[in-house]
Amino acid sequence: MKKKFSQMSVGEEVDVELLLLSFEVKQGKNGAFTLLKVSDGEANCDVRYWGDISQVNGVSAHSIITVQLKADTYQGSMNFTSSAVRPYSGTDAVLGDFVIMPPVDIDEMYNYIIDTLTRESVAAQNVIYSNDGRNEPISNIALSLIQNNSEVFKRSVAAVSVHHNIYGGLLYHTYGMVKAAEGLASAMPFVDRELLITGCAIHDIGKIYTYTTDDIGAGNLNNLEILDGHLAIGYAAVSRESRNHACAPERVHLLQHMVASHHGKPEWGSIVKPSTPEAFLLFAIDYIDSRMYMYREAQKSVAPGEYSPKIFGLDSASVYRPTYLN
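All values reported here derive from a predicted model rather than from experimental measurement.

Trainee: Looking at this model, I keep getting lost on the packing of helix α8 (residues 230-242) against helix α9 (residues 249-261). Mind explaining?
Mentor: A pair of packed helices is captured by two measures, namely the crossing angle of their axes and the spacing between those axes. Relative to each other, α8 and α9 sit at 160°, their axes nearing to 8 Å. Here α8 is positioned roughly antiparallel relative to α9, judged by the angle of their axes. The interaxial crossing formed by α8 with α9 has right-handed handedness. Here L231, G234, Y235, V238, S239 and S242 of α8 lie close against α9, whose contacting residues are V252, H253, L255, Q256, H257, V259 and A260.

In structure tokens:
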């Protein structure tokens, strides 16, 4: 039965097909239980299984399972438990049914970013920034970095957890930021439009090197993220690619600064603090887009008129879902 978490009612108990992303067996007072992380194709969710899943033959991570799912509420949020899990034995469901995708088509988002950068490049072709002839538009660096890594850029998550942690999440996050940058640049004509849009387009380019994303949208950090971080890796990527372009050195430096400072504060992982209007706007747009994703996801997880539990990534705020959002 292809029922979704969002369609479950409190007290309902029904068999559903889910993709088992991962699991953790724990010991409780009454014996072993397992925390299952599963996907229904619309959302990832945690299910508490009253047993040791590792003892169920034919069940493994990244496999489709049939779960006897019971819905309840806990602190205003839907809560799911199960007393029976078995391998899926049908033929109607395939792994692709359970991969959570962005609400906008992958190619549509990718083409929008490329088209926007191309327009900025054309508009900046006759602008003089250097007296030594190095006046190539800075947006060409972003176009090369994205187009030369298009497949991984389209696939990658933006994070392992918290925000945009889905297949194509990095692209979805970047798309939203580029659109926001266009609007803010129009509202603030003193801002360097090309520089702001370019910075938004490649602020997280380091993640294509520091994150891995499999075919079901599960992301993992590698040693580069742990040892260096995606800001430093992105800064280095801009530096390398700039050698293939005749951009004004100062503008390359300003773009690198935007990548290095886009987390805003050192305690939030920023290498330096934003020191230009464009760098600050990039930080602000990134902060807003990531938090809006968390707000949207939190609203999906609660019933109309209810609050979510406190969410660490939102400064421990609870998120309310209005009664008219059905």
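Read on for the rest.
Trainee: Is there a simple way to think about the nonpolar core in this case?
Mentor: Grouped burial of nonpolar side chains is what soluble globular proteins tend to show. I113, I146, F153, L196 and I202 are the most contacted members of the largest nonpolar core, which totals 45 residues. No other element matches the eight residues that helix α4 (residues 169-187) contributes to this core. Not counting residues within four places of it along the chain, the set of residues in contact with F153 comprises Y110, I113, I146, L170, L171, T174, A201, I205 and I208. One finds L18, L20, V47 and A71 within the second-largest nonpolar core, a separate group that totals 20 residues.

Trainee: Which parts of the structure should I look at to understand unusual backbone geometry?
Mentor: Across the chain, the bulk of peptide bonds are trans and the bulk of non-glycine residues have phi less than zero. We note that H164 has phi near 50°; this positive angle belongs to a residue other than glycine. Take H164: it is sitting in the loop between α3 (150-155) and α4. Even without glycine at this site, D315 takes up a positive phi of about 55°. Topologically, D315 is positioned in the segment after α10 (277-300).

Trainee: Explanation requested: α8 in the structure shown.
Mentor: Every α-helix carries 3.6 residues per turn, so stepping three or four residues along brings you back to the same face. Helix length check: α8 (13 residues) gives 18 Å between terminal C-alpha atoms against 18 Å at 1.5 Å per residue, within 8%. Where α8 is concerned, the buried positions are H230, L231, I233, G234, A237, V238, E241 and S242. On its buried face, α8 sits against α2 (139-147), α5 (193-202), α6 (207-210), α7 (223-227) and α9.

Trainee: What should I look at first to understand the packing of helix α1 (residues 106-123) against α4 in this one?
Mentor: Look at α1 against α4: their axes get within 10 Å of each other, and the N-to-C directions meet at 40°. Between α1 and α4, the crossing angle belongs to the class labelled oblique. You can see that α1 and α4 cross each other, and the crossing is left-handed. Touching I106, E108, M109, Y110, Y112, I113, T116 and R119 of α1 are L171, Y172, T174, Y175, V178, K179 and E182, all from α4.

Trainee: Hey, could you run me through a nonpolar patch on the surface in this one?
Mentor: Side chains of V160, L221, I226 and L227 sit close together on the surface and give an oily, nonpolar patch of about 410 Å² of accessible area. Within the secondary structure, L221 sits in strand β7 (residues 219-221). Given the relative accessible area of 42%, L221 is considered partly exposed.

Trainee: Any chance you could explain the packing of aromatic side chains here in plain terms?
Mentor: Aromatic ring pairs: the centre-centre distance and the angle between the two ring planes describe each pair. Evaluation of the coordinates by the stated rule reveals nine aromatic pairs. On the basis of an interplanar angle of 80° and a centroid distance of 5.5 Å, the ring pair of Y112 and Y175 is categorised as edge-to-face. Here Y175 lies in helix α4 and Y112 lies in helix α1, a separation of 63 residues in the sequence. In this structure Y112 comes out as partly exposed when scored by relative accessible area, which is 27%. What makes Y175 buried here is its relative accessible area of 11%. Residues W268 and Y287 carry aromatic rings whose centres are separated by 5.7 Å and whose planes lie at 15° to one another, so their mutual orientation is stacked. Taken as a pair, W268 in the loop between α9 and α10 and Y287 in helix α10 lie far apart in primary sequence, 19 residues in all. The class of W268 is partly exposed, set by a relative accessible area of 39%. An aromatic cluster is built from W268, F280, F283 and Y287, whose rings are joined through pairwise contacts. Positioned above the aromatic ring of Y112, the side-chain terminus of K179 is 5.6 Å from the ring centre. A cation sits over an aromatic face here: R291 above Y287, 4.2 Å from the ring centre.

Thresholds applied
Residues numbered from 1 in each chain as written. Predicted model: local features only at pLDDT ≥ 70, side-chain atom pairs only at ≥ 80, totals over all residues. Heavy atoms only, no water. Axes fitted to C-alpha atoms, helices over the stretch in contact; angles between N-to-C directions. Helix = DSSP H or I, 4+ residues; strand = E, 2+ residues; numbered from the N terminus. Parallel < 35°, antiparallel > 145°, perpendicular 65-115°, else oblique. Left-handed = near helix turned anticlockwise from the far one by under 90°. Contact = heavy atoms within 4.5 Å. Core = buried A, V, L, I, M, F, W, Y, C linked by side-chain atoms within 4.5 Å. Buried < 20%, exposed > 50% of the residue type's maximum accessible area, 1.4 Å probe, protein only. Expected span 1.5 Å × (residues − 1). Patch = residues over 30% accessible without salt bridge, like charges linked within 9 Å, V, L, I, M, F, W, Y side chains within 5 Å. Areas by Shrake-Rupley, 256 points an atom, 1.4 Å probe, with all protein chains shown as cover. Salt bridge = Lys/Arg side-chain N within 4 Å of Asp/Glu carboxyl O. Phe/Tyr/Trp six-rings, centres within 6.5 Å; stacked < 30°, edge-to-face > 60°. Lys NZ or Arg CZ within 6 Å of the ring centre and 35° of its normal.

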